[in-house]
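Listed below, chain by chain, are the residues.
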Amino acid sequence: MIVTLIVVCEVGFWVLLAAGLATRYLLKMPRTGAALLLCEPLLEVVLLVATAVDLENGAEPSWKHGLAALYIGYTVGHGHRTVRWLDGHGAHRFGGAPPPVKPPRYGMARAKHEGRVWLGTLIAAGVTTVLLQIAIWYVGEASRTGSLESWMRTAWRTAGIHGLIALSYTLWPPKAPKATKGEPERETEREPVRAERN
């Protein structure tokens, strides 16, 4: 049931997102569209409650409960960026807004961008850990919670790997390609002035 609910929540996330953007920009109903977009967190609440009820009804803690916690953590850490990015493109495509600012590609501006994205992964790992720890305390038997603990380690392993990748952009920031003969030299990419969409 939990795996099915995760799939339903993921599909529901994109359906609500599409409905919210279509209502905001195609039907010209910005408040209704915003209300639909604000319903996104309810999907995570439904999944959280269902996971708790499943454990309360005596279900054996397993990878399904760990996956549910990881999914909720990822949505908390990165869901807002996804919504903001798609909203920016929707506003440009259908609302006449300027195109969203692309993430920087070179130099320390790129390193800062990667660091901000990594913070989302860090938040995801933290939320996942809190949810799994609550589940472990709730079950109260160390012999039954091994799978939950392994998902906790997976969350932090993922955050660690992502952190190393983000750090590599600081240690070795990508450089803009040099201009060939006859071409004007490109300016070093600057940090975007407007709030980035991605």
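Quantities reported herein were computed from a predicted structural model and do not represent experimental measurements.

S.K.: Just checking my understanding: could you explain the overall build of the chain for this structure?
M.R.: Along the backbone of the chain there are six helices and zero strands. In sequence order, the chain lays out its α and β elements as α-α-α-α-α-α. Taken over 198 residues, the chain has a buried fraction of 38%. Sequence-distant contacts, at least 24 apart, represent 76% of the contacts inside the chain between residues at least 6 apart.

S.K.: Is there a simple way to think about the packing of aromatic side chains in this case?
M.R.: Geometry of an aromatic ring pair is reported as the spacing of the ring centres plus the angle between the planes. Considering all chains together, one arrives at one aromatic pair under this definition. A ring pair is formed by Phe-13 and Trp-14, whose centres lie 5.2 Å apart and whose planes are at 85°; its orientation type is edge-to-face.

S.K.: What's the story with unusual backbone geometry in this structure? I'm lost.
M.R.: A negative phi holds for most residues other than glycine; trans holds for most peptide bonds. Phi at Lys-28 takes a positive value of approximately 55°, unusual for a residue other than glycine. Tracing the sequence through the fold places Lys-28 in the loop between α1 (2-26) and α2 (30-38).

S.K.: Please clarify how helix α3 (residues 40-56) should be interpreted in this entry.
M.R.: For α3, built from 17 residues, the straight-helix expectation of 24 Å at 1.5 Å per residue is met to within 8% by its first-to-last C-alpha distance of 25 Å. Glu-40, Leu-43, Glu-44, Leu-47, Ala-50, Thr-51, Asp-54 and Leu-55 are the residues of α3 that are buried. End-on, the buried residues of α3 take up no more than an arc of 135°, which puts them together on one face. Among the exposed residues of α3, those oriented more than 90 degrees off its buried face are Leu-42 and Glu-56. In this structure, the buried residues of α3 make contact with α1, α2, α4 (63-95) and α5 (107-139). Where α3 ends, the next residue or the one after it, Gly-58, has phi of about 95°, a positive value.

S.K.: It is not clear to me how the pattern of salt bridges should be interpreted in this structure. Could you clarify?
M.R.: Two side chains that carry opposite charge are able to pair once their charged atoms sit near each other. Tallied over the entire structure, the rule returns four salt bridges. For the salt bridge of Asp-87 with Arg-24, the shortest nitrogen-to-oxygen distance reads 3.3 Å. In this pair, Asp-87 is assigned in helix α4 and Arg-24 in helix α1, connecting sequence segments 63 residues apart. Linking Arg-110 and Glu-114 is a salt bridge whose minimum nitrogen-to-oxygen distance equals 2.7 Å. In this pair, Arg-110 and Glu-114 both sit in helix α5, four residues apart, roughly one turn of the helix. Considered together, Arg-110 and Glu-114 belong to a single accessibility category, that of buried residues. Overlapping salt bridges, with partners in common, bring together Glu-60, Glu-141 and Arg-144 in one network.

S.K.: How should the packing of α4 against α5 be read in this particular structure?
M.R.: Axis angle and axis distance: for two packed helices, these are the angle between their axes and the distance between the axes, and together they describe the pair. The geometry of α4 relative to α5 is characterised by a closest axis approach of 8 Å and an angle of 145° between their N-to-C directions. You can see that α4 and α5 cross each other, and the crossing is right-handed. Note on element contacts: α5 touches α4 through Val-117, Gly-120, Thr-121, Ile-123, Ala-124, Val-127, Thr-128, Leu-131 and Leu-132, opposite His-65, Gly-66, Ala-69, Leu-70, Ile-72, Gly-73, Tyr-74, Val-76, Gly-77, His-78 and Arg-81. Grouping the amino acids of the contact of α4 with α5 by side-chain chemistry returns eleven nonpolar, eight polar and one charged.

Rules used throughout
Residues numbered from 1 in each chain as written. Predicted model: local features only at pLDDT ≥ 70, side-chain atom pairs only at ≥ 80, totals over all residues. Heavy atoms only, no water. Helix = DSSP H or I, 4+ residues; strand = E, 2+ residues; numbered from the N terminus. Buried < 20%, exposed > 50% of the residue type's maximum accessible area, 1.4 Å probe, protein only. Contact = heavy atoms within 4.5 Å. Phe/Tyr/Trp six-rings, centres within 6.5 Å; stacked < 30°, edge-to-face > 60°. Expected span 1.5 Å × (residues − 1). Arc of directions from axis to C-beta. Salt bridge = Lys/Arg side-chain N within 4 Å of Asp/Glu carboxyl O. Axes fitted to C-alpha atoms, helices over the stretch in contact; angles between N-to-C directions. Left-handed = near helix turned anticlockwise from the far one by under 90°. Nonpolar A, V, L, I, M, F, W, Y, C, P; charged D, E, K, R; others polar.

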